[in-house]
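# Tertiary structure, described
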Amino acid sequence: MEKDADPLLSIVTVNFNGKDFLSSLFDSISNLNYSRDKLQVIMVDNASTDGSVDLVKEKYPWVQIAALKKNTGYAGGNNEGFRLARGKYIALINNDCVVDPDWAREMLAIFRESGDDSKIGAVGSKVVFYFPYLPLELVSDSINQKGRSGHARRLGVKVSKIIIGGQGQWANRSIKYMDGFYPPQGSWQWTNGDGYLGIPIADQDQDLKLQLTLSSCLESNRLKIVIGEELLEEVEVGREEKIVDLTVPQHYYRYQKDIINSCGVKVNHSLYARERGFNSFDEGQYSRVEEVFGLSGSSFIVDRAMLEDTGYFDPDFFTYYEDIDLFWRARLRGWKHFFVPNSVARHYHCGTGREWSYDFTYYVLRNRMLAIFKCGWFSLLARTWLAFAGSMVYHGGYYGFLLLAGRKPNRVDIPIRVKLFFKFFYLFAAYLGARARIRFSAVVKDKQIKKWMRSF
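As the structure is a prediction and not an experimental result, all values here were calculated from the model. (Residues numbered from 1 in each chain as written. Predicted model: local features only at pLDDT ≥ 70, side-chain atom pairs only at ≥ 80, totals over all residues. Heavy atoms only, no water.)

### Focus on the overall build of the chain
This is how the line gets drawn: Strands here mean DSSP runs of E at least two residues long; helices mean DSSP runs of H or I at least four residues long; both are numbered from the N terminus. Our radius of gyration looks at C-alpha atoms and nothing else; its globule reference is 2.2 Å times the residue count to the power 0.38. When a residue's accessible area, from a 1.4 Å probe over protein chains only, is under 20% of the maximum for its type it is buried; when over 50% it is exposed; and in between it is partly exposed. Surface accessibility in these figures is a Shrake-Rupley result with a 1.4 Å probe; residues are shielded only by whichever protein chains are displayed.
When helices and strands are counted, the chain shows 12 helices and 23 strands. Against the compact-globule benchmark of 23 Å for 456 residues, the chain has a radius of gyration of 24 Å, which places it among compact chains. By principal-axis analysis of the C-alpha atoms, the chain measures approximately 65 × 55 × 40 Å. Counting the 456 residues in the chain, one finds 53% classified as buried. Carbon and sulfur atoms form 50% of the exposed surface of the chain, whose accessible area is close to 21100 Å².

### Points about unusual backbone geometry
A positive phi angle, near 60°, is found at lysine 119, a position not held by glycine. Here lysine 119 lies in the loop between α4 (103-114) and β6 (120-129). Accessibility expressed as a relative area gives 29% for lysine 119, which makes it partly exposed. Despite not being glycine, tyrosine 320 shows a phi value in the positive range, around 75°. With respect to the element layout, tyrosine 320 can be found in the loop between α6 (304-310) and α7 (322-332). Owing to a relative accessible area of 26%, tyrosine 320 belongs among the partly exposed residues under this scheme.

### Quick notes on the side chain of aspartate 446
For the record, the criterion: Only heavy atoms enter the contact rule, under which two residues are in contact if any of them lie within 4.5 Å.
Its place among the elements puts aspartate 446 in helix α12 (residues 446-450). Accessibility expressed as a relative area gives 18% for aspartate 446, which makes it buried. What aspartate 446 contacts, discounting residues up to four positions off in sequence, is Leu332, Trp377 and Arg439.

### Notes on the confidence of the model for the chain
The condition that has to hold: A residue's pLDDT is simply how confident the predictor is in it, with values from 0 to 100.
Averaged over every residue, the pLDDT of the chain is 91; residues scoring 70 or more account for 92%. Taken as a whole, residues 147-152 scores under 50 in pLDDT and shows five contacts with residues more than four places along the chain or in a different chain.

### Some details on the nonpolar core
How we decide: Only buried Ala, Val, Leu, Ile, Met, Phe, Trp, Tyr and Cys residues count toward a nonpolar core, and they belong to the same one when joined by side-chain atoms within 4.5 Å.
Core analysis: the biggest nonpolar cluster contains 39 residues, and Leu271, Trp328 and Phe424 have the highest contact counts within it. For this core, the secondary structure elements donating two or more residues are β18 (265-268), α7, α8 (358-375), α9 (378-404), α10 (413-430) and α11 (432-440). Discounting residues that sit within four places of it in the chain, phenylalanine 424 has contacts with Leu365, Arg366, Met369, Trp385 and Phe388. Membership of the second largest hydrophobic core comes to 33 residues, among which are Leu9, Phe111, Ile120 and Val123.

### Remarks on the pairing of strand β21 (residues 299-303)
Here is the rule we go by: Strand pairing is assigned whenever DSSP detects at least two bridges linking the two strands.
Counted residue by residue, β21 has five buried out of five residues, so it is predominantly covered. Side chains Ser299, Ile301 and Asp303 project from β21 onto one buried face, and the interleaved Phe300 and Val302 project onto a second face that is buried too. Pairing of strand β4 (residues 89-93) with β21, which is carried by five bridges, proceeds in the antiparallel orientation. Paired with alanine 91 across the two strands is isoleucine 301, which belongs to β21. Where β6 meets β21, three bridges bridge the pair, whose relative direction is antiparallel. By the bridge assignment, valine 123 is partnered in β21 with isoleucine 301.

### Here's the deal with the sheet that holds strand β10 (residues 158-165)
Formally: In this analysis an axis means a line fitted to C-alpha atoms, helices contributing only their contacting stretch, and an angle means the value between N-to-C directions, from 0 to 180 degrees.
Strands sit in the order β10-β13-β16 across an open sheet of three strands; the sheet is antiparallel. Two strands close off the open sheet at either side, each with one partner strand: β10 and β16 (242-248). Pairwise comparison of adjacent strand axes, ignoring direction, gives a mean angle of 20° for this sheet. The sheet contact formed by strand β13 (residues 208-215) and β16 spans seven bridges and is antiparallel. In the sheet register, leucine 212 faces β16, and the bridge partner there is valine 244.

Structure below.
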């Protein structure tokens, strides 16, 4: 695609108190390999209070700002961007991302090469976590002769704390607990003898200083710390917590890899959504253009024709599952979605939000059910509703029992489940008209949607 043939592209980012990320984002957009006069860049600000708007007005006068008077969430903010966009193609990018120079061009090539009658509605990029990562492997030599299975097995260690020195707060927040850790991203205890840590490298020009707090269920557990094929350190770990200080010289950085945030979105038979490749090292396993059920809301381009056919995001969703709802509605209307590996965005991930906070949990639980009610077939709706009601009764009873016993469990989801159980009766009635419109206007049979459902 020659630059003088570039179509007008509108790029929309929604911001809420994301001042710390905006310079990185807009600097990367300014470096796109794309005709500047064919770009319309829009920031929709959801009533930020951190000076975001003033920063962009001063440093990036070419960015069109829509300053809203209240926080309308991801859905409402992007809908405002859709209304302001002039391009046939509209790119959505999270405010805590940076994009590679060919980010837009690689996605647009799929539209251009396929033609207007291909019914390609959206194309998404590969999204990796912001920093490159050093794969730190923890290998235990200790053997347990009395495992439950009756067979000898290697035992791992518990990693209670990790501190990265001199690399900044975002590096410490971005540490990844990967294969071998159980439960994933939970107590950081791995039990199969091997485990991988993803250690972010925020500064390539200095050695990496690490402090690990380790312990073992054995009195003596020999632990090897390996990077690539090289042994970095070997330590003895016991039942008492031990602080291990490590220095990783820069020559080890040749082993660095990206960690995948998303290579498109897949759904299971209960419509739980999962990012393809999430939290795995990028080894080239997602290296070809593929059709996918949906795309990460953090980075994709949509054809205006799809939005005119299916409508925008549901503004009542506010945030989370609004993308699944949109892509499902579009699929019912015959639109297709593709993942493009050579378009890359780097994402801090929850840079301006927090996973499993009250709002996160509320909107994920609520919006998944609403998406199923709006778009799904009756058996899926009935099964999902019964499962939700059963879960509410079970967990609600458990929660109430503990409260009566004078204990308050750290389970933010339980009161939310109880609240939503009653609220759904109102919401289902309010969305009955939307369900009828979506279901009756579908041109694709449910059996085609079911083919996209995976087991996980």
